[in-house]
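Reading the structure
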Amino acid sequence: MEGLILLDAPGPADTVTPALVRAALAAQVPVLALGGGAELLADSAVRAAATGAPRGCPEPAPAAVTDPLFAGHEPPPTAFRLGGSAWGVRSTGEPGRPPDATCGETMAQLLGRFAELAAFRAEHTTTRTFFTQRADAWEERFAYQAPAYAAAVTRMRLRPGTTAMDLGCGTGRAMPALRELVGPHGRVVGVDVTPAMLFAAARHGRTEHGHLLAADCTRLPVPRRSVQGIFSAGLLDHLPDPRAALTEWARVAARDCVLLLFHPSGRTERAARHGRPLDPADLLAEHNLRPALTATGWRLDEYEDASGHFLARAGLAD
């Protein structure tokens, strides 16, 4: 699901639509609700807050011209937003009239902008939808990999007092080891685009080891040259534009930064598990990864594609 439009409230016997709305809100799927659908959207937020759901929605707030949906256009008077991915436009209350879409724009323009927004966010929406429904069981399912993560992190050889980021952190399995490396005066930040994964990380105590940040790893809200260690497990080759990500990581990297790409399985092992041969176009193959790193400002220092793990260690090019 890449976007959801609600045109009316469900009937009393309809239990599917409210469940669909809750799932969309949890995964931050873009939602546009009009008329009776807007009332359902607002009610879903109230119910989530009342039940204390771990992924409950924020309270509805008046829409603003700065909201992504309106992009500088004056929102309709009855419009509200819910977090950063859902908007509603309530009815004017006049029989036979659609929700108020005045202020110099038509409802068609509003729907058109929503379609553009949903298309722009489609990659992240798909990722969030996939991982949201798996987040609660993720830690237990892969707990056996914790020692491999800890061993990989030690290969970064970070100094105490430095800043380390775990990009695509999931439930934050690398964060305890990163904290041990940088010590009590260092800084650890776990970054993931799926809020449900970050909620799971918090439930498993990762906030004791560092901060959790919901962000796109290709547009990090981090100053230039501020990070001494970047750890990333199983992320780079799944991004739509890996070189854009590597370029962004080089931007935030301090001159002495260490980048460690890791996976608890080697490439041959993963290919066999999925019943396919090794792909010569695989980004993580050394003949592809080395030039990709070089082109984005990195220097590959260590490369291991072993039976039990994949590891590539890089530093900023001189």
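Scroll up a little and you will see the structure.
A few points on the structure.

Reading guide: rules and limits
- Residues numbered from 1 in each chain as written.
- Predicted model: local features only at pLDDT ≥ 70, side-chain atom pairs only at ≥ 80, totals over all residues.
- Heavy atoms only, no water.
- Disulfide = S-S within 2.5 Å.
- Pairing = 2+ DSSP bridges.
- Helix = DSSP H or I, 4+ residues; strand = E, 2+ residues; numbered from the N terminus.
- Contact = heavy atoms within 4.5 Å.
- Axes fitted to C-alpha atoms, helices over the stretch in contact; angles between N-to-C directions.
- Right-handed = clockwise from strand over helix to strand, strands pointing away.
- Buried < 20%, exposed > 50% of the residue type's maximum accessible area, 1.4 Å probe, protein only.
- Arc of directions from axis to C-beta.
- Parallel < 35°, antiparallel > 145°, perpendicular 65-115°, else oblique.
- Left-handed = near helix turned anticlockwise from the far one by under 90°.
- Nonpolar A, V, L, I, M, F, W, Y, C, P; charged D, E, K, R; others polar.
- Patch = residues over 30% accessible without salt bridge, like charges linked within 9 Å, V, L, I, M, F, W, Y side chains within 5 Å.
- Areas by Shrake-Rupley, 256 points an atom, 1.4 Å probe, with all protein chains shown as cover.
- Salt bridge = Lys/Arg side-chain N within 4 Å of Asp/Glu carboxyl O.
- Phe/Tyr/Trp six-rings, centres within 6.5 Å; stacked < 30°, edge-to-face > 60°.

**Points about the state of the cysteines**
Enumeration according to the criterion identifies zero disulfides in this entry. As a non-bridged cysteine, Cys 217 has Cys 169 as the owner of its nearest cysteine sulfur, 11 Å distant.

**Structural notes on the sheet that holds strand β4 (residues 79-82)**
As summarised here, the arrangement of the five strands in space is β1-β2-β5-β4-β3, forming an open sheet in which the pairing is mixed. Edge positions in the sheet fall to β1 (4-6) and β3 (61-62), since each of these pairs with one other strand and no more. Two elements, β3 and β4, share two bridges in a ladder whose sense is antiparallel. Bridging across to β4, Ala 61 finds its partner in Arg 81. Here helix α3 (residues 107-120) sits on the sheet in contact with β1, β2 (31-34) and β5 (86-89), set at roughly 160 degrees to β2.

**Some thoughts on the pairing of strand β8 (residues 211-214)**
Sheet topology note: the strand β7 (residues 187-192)/β8 ladder contains four bridges and is parallel. Note that in β8 the partner of Val 191 across the bridge is Leu 213. Handedness of the crossover is the feature at issue here: the chain leaves β7, passes through helix α8 (residues 195-203), returns alongside β8, and the resulting connection is right-handed.

**Description of helix α6 (residues 146-154)**
Restricting attention to buried positions, one finds in α6 the residues Tyr 149, Ala 152 and Val 153. Looking down the long axis of α6, one finds its buried residues gathered within 100 degrees of arc, a one-sided arrangement. Close packing links the buried residues of α6 with α7 (175-182), β9 (227-233), β10 (253-263) and β12 (310-316).

**Overview of the packing of α6 against α7**
Interaxial distance between α6 and α7 falls to 8 Å at its minimum, and their mutual angle equals 30 degrees. One way to sum up the angle between α6 and α7 is to call them roughly parallel. Of the two elements, α6 crosses α7, and the hand of that crossing is right-handed. For the pair formed by α6 and α7, the contact residues are Ala 150, Val 153 and Thr 154 on the first element and Ala 177, Leu 178 and Leu 181 on the second. For the contact of α6 with α7, the residue count by class is five nonpolar, one polar and no charged.

**A few points about a nonpolar patch on the surface**
On the surface, Ile 5, Leu 7 and Leu 111 cluster together into a nonpolar patch covering about 270 Å² of accessible area. Turning to its location among the elements, Ile 5 is positioned in strand β1. The exposure class assigned to Ile 5 is partly exposed, which follows from its relative accessible area of 40%.

**Overview of the packing of aromatic side chains**
Applying the stated rule across the entire model yields seven aromatic pairs. Ring centres of Trp 138 and Phe 142 lie 4.7 Å apart, and the angle between their planes is 55 degrees; on these two criteria the pair is classed as tilted. Like Phe 142, Trp 138 is buried. Seen in terms of ring centroids, Tyr 303 and Phe 310 are 5.5 Å apart; in terms of plane orientation they differ by 85 degrees. Their pairing is edge-to-face. Classification of Phe 310 as buried rests on a relative accessible area of 1%.

**Structural notes on unusual backbone geometry**
A positive phi angle, close to 55 degrees, is found at Arg 157, a residue other than glycine. Tracing the backbone through its elements, the reader meets Arg 157 in the loop between α6 and β6 (163-167).

**Regarding the pattern of salt bridges**
Scanning all chains against the criterion turns up 16 salt bridges. Close ionic contact of Glu 248 with Arg 251 constitutes a salt bridge, the shortest N to O distance being 2.9 Å. Of this pair, Glu 248 and Arg 251 both sit in helix α9 (residues 242-252), separated by three residues, roughly a single helical turn. In this structure Arg 251 comes out as partly exposed when scored by relative accessible area, which is 23%. Asp 305 is paired through a salt bridge with Arg 267; the nearest N and O atoms lie 3.1 Å apart.

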